[in-house]
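# Coordinate inspection notes
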Amino acid sequence: WAAPRTREKRPPTVRWPSGAIVSAVRTAFLAVVVGTVSWGWFAFSHIVLCSDDGKHCVRLEGAMRLTTFTRWCWMLQGVYYALAVVSAVWPGLSRTCAVLHEVSLTTALLVTGVAYGLLVPCALLLEQPAHRRGSIQLLLTPQGHIMHSANTLFMLVDTKLTGPAGRVWLSDARYGIAFGVTYSVFEWWFHHVTGLWHYPFMDYNQPFAELAYLAPFAVLLLCWMLAAAFTGEKNGCGPNFFKKNA
């Protein structure tokens, strides 16, 4: 009989990998994040978002420009890059950087997959009602494409530069779930204030709302498992991905 498999545990993170080249790349990534967020702050004032039935509309201005899940994930990456650069002189941030790296990589896979596997094709191929024009414009802006594609590219490059320390652990999936729950609560507050839902499936008054909420979390866990398999030392592409860094 084969010996039972023991669940691997994350080893203590002594120091988050850094160096001149790694810090320079992360600084460049941070500049892109800050640049696109700043660009969107001034470029989106003409966009109007409407409720799913088109009866209630609000102009996208002020802090409302930062309220979509894509922008939350994009800004979280910015926080990660900033702290990862600082960790070169402040090793006490290593564990925080490790968790932020895991959540950022996983949510990047989620955002890119949903955007280009579902949202963008539907926006381009299906006829949309007039009141959805603002949401479509927001999705297809240059800033939107950068946030929906560069997010995964940046995190894959960062993971490569980080080496084996950039492994995603299944035992840390709770942090990704906590991030998703936090955004869900925020979306409830956003709806209370504006009367709008960024994502209609989050309307808890609709039939089968429970299933509608479970589905995104299931996809998030699937992305976490994919990232864990990809970066794992004994699974998926892990050995090849980190070959030059080991």
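Keep in mind the model is a prediction, meaning the values are calculated, not measured. (Residues numbered from 1 in each chain as written. Predicted model: local features only at pLDDT ≥ 70, side-chain atom pairs only at ≥ 80, totals over all residues. Heavy atoms only, no water.)

## Observations concerning the overall build of the protein chain
Operational definition: Secondary structure is summarised from DSSP: a helix means a run of H or I of at least four residues, a strand means a run of E of at least two, and numbering begins at the N terminus for each. Only protein chains enter the calculation, and the probe is 1.4 Å; a residue is then buried if its accessible area is under 20% of its type maximum, exposed if over 50%, and partly exposed in between. Under the convention used here, a 1.4 Å probe and the Shrake-Rupley method define accessible areas, while residue burial counts only the protein chains that appear.
Secondary structure summary: the protein chain contains eight helices and two strands in total. Starting at the N terminus and ending at the C terminus, the protein chain contains elements arranged as α-β-β-α-α-α-α-α-α-α. Split into buried and exposed, the 246 residues of the protein chain put 43% on the buried side. Accessible area of the protein chain: about 13100 Å², with a carbon and sulfur share of 69%.

## Some thoughts on helix α3 (residues 94–125)
Applied cut-off: Residue count minus one, scaled by 1.5 Å, sets the expected span of a helix. The reported bend at a residue is simply the angle between two axes, fitted to the 7 residues ending at it and to the 7 residues beginning with it.
With 32 residues, α3 should reach 46 Å at 1.5 Å per residue; the first-to-last C-alpha distance of 45 Å fits that figure. In α3, a bend of some 40 degrees at A115 exceeds every other bend along the element.

## Structural notes on helix α5 (residues 142–162)
Over its 21 residues, α5 extends 29 Å from the first C-alpha to the last, a length consistent with the 30 Å expected when each residue adds 1.5 Å. A150 marks the point of greatest bend in α5, at about 35 degrees. Those residues of α5 that fall on the buried side of the exposure criterion are Q143, G144, M147, H148, A150, N151, T152, F154, M155, D158, T159 and T162. Positioned one or two residues after α5, G163 has a phi angle of 80 degrees, which is positive.

## Notes on the pattern of salt bridges
Note the cut-off: By definition, a salt bridge exists where a carboxyl oxygen of Asp or Glu is found within 4 Å of a side-chain nitrogen of Lys or Arg.
This model, assessed by the stated rule, comprises two salt bridges. The salt bridge involving D158 is made with R26; its shortest N-O contact spans 2.7 Å. Taken together, the positions of D158 in helix α5 and R26 in helix α1 (residues 20–43) put the pair 132 residues apart, joining distant regions of the chain. Across the pair D172 and R95 runs a salt bridge, and its minimum N-O distance is 3.4 Å. Taken as a pair, D172 in the loop between α5 and α6 (173–194) and R95 in helix α3 lie far apart in primary sequence, 77 residues in all. Look at D172 and you get buried, because its relative accessible area is 2%.

## Thoughts on the packing of aromatic side chains
For clarity, the cut-off: Pairing of aromatic side chains here covers Phe, Tyr and the six-membered ring of Trp, requires ring centres within 6.5 Å, and sorts the geometry by plane angle: under 30 degrees stacked, over 60 edge-to-face, intermediate tilted. Comment: the charge-over-ring label is applied if NZ (Lys) or CZ (Arg) is within 6 Å of the ring centre and within 35 degrees of the ring normal.
Applying the stated criterion across every chain yields a total of 18 aromatic pairs. Centroid distance W197 to Y204: 5.3 Å. Interplanar angle 90 degrees. Geometry classified as edge-to-face. By the ring-pair criterion, three or more aromatic residues cluster together here, those being F69, W72, F179, Y183, F186, W189, F190, Y199 and F201. Sitting over the face of the ring of W169, R167 holds its NZ or CZ atom 4.1 Å from the ring centroid.

## Re a nonpolar patch on the surface
As a reminder, the rule being used: Grouping into patches uses exposed residues only, defined as over 30% relative accessible area, and leaves out salt-bridged ones; the cut-off is 9 Å for like charges and 5 Å for nonpolar side chains (Val, Leu, Ile, Met, Phe, Trp, Tyr).
A cluster of nonpolar residues, V114, L118, L119 and V219, forms a patch on the protein surface that exposes about 280 Å² of accessible area. Of all the elements, α3 adds the most residues to the nonpolar patch, at three residues. Relative to the elements of secondary structure, V219 occurs in helix α7 (residues 209–231).

## Considerations on unusual backbone geometry
Only a minority of non-glycine residues have a phi that is not negative, and only a minority of peptide bonds are not trans. With a phi angle near 60 degrees, F208 is a residue other than glycine that sits in the positive phi range. Structurally, F208 is set in the loop between α6 and α7. Judged by its relative accessible area of 64%, F208 is exposed.

## Structural notes on the nonpolar core
Generally speaking, nonpolar side chains in soluble globular proteins are found buried as a group. The cut-off we apply is this: Residues grouped as a nonpolar core are buried Ala, Val, Leu, Ile, Met, Phe, Trp, Tyr and Cys residues, joined through side-chain atoms within 4.5 Å. Contacts between residues were defined by any pair of non-hydrogen atoms, one from each residue, lying within 4.5 Å.
Residues L60, F69, W74, Y80 and Y81 are the most contacted members of the largest nonpolar core, which totals 47 residues. When residues of this core are traced back to their parent elements, those giving at least two are α1, α2 (69–86), α3, α5, α6 and α7. Among the elements that make up this core, the one with the highest residue count is α3 (nine residues). With sequence-adjacent residues up to four places away left out, Y80 is seen in contact with W16, R26, C97, L100, H101, S104, M155, D158 and T162.

## A look at the packing of α3 against α5
Applicable threshold: Lines fitted to the C-alpha atoms define the axes, with helices restricted to the stretch that makes contact. Angles between their N-to-C directions range from 0 to 180 degrees. Should an angle fall under 35 degrees it is called roughly parallel, over 145 degrees roughly antiparallel, and 65 to 115 degrees roughly perpendicular, with every other angle called oblique. Handedness of a crossing follows from how the near helix is turned relative to the far one, being left-handed for an anticlockwise turn of less than a right angle and right-handed for a clockwise one. Throughout, the ten residues Ala, Val, Leu, Ile, Met, Phe, Trp, Tyr, Cys and Pro are labelled nonpolar, Asp, Glu, Lys and Arg are labelled charged, and all others, Gly among them, are labelled polar.
In contact at an axis separation of 8 Å, α3 and α5 are set at 140 degrees when each is read in the N-to-C sense. If you check the angle between α3 and α5, you find them oblique. You can see that α3 and α5 cross each other, and the crossing is left-handed. Contacts between α3 and α5 involve H101, S104, L105, A108, L109, V111, T112, A115 and Y116 on the former and, on the latter, H145, H148, S149, N151, T152, M155, L156, D158 and T159. For the contact of α3 with α5, the per-class residue count stands at eight nonpolar, nine polar and one charged.

Note that all results are geometric; they support no functional claim without further evidence.
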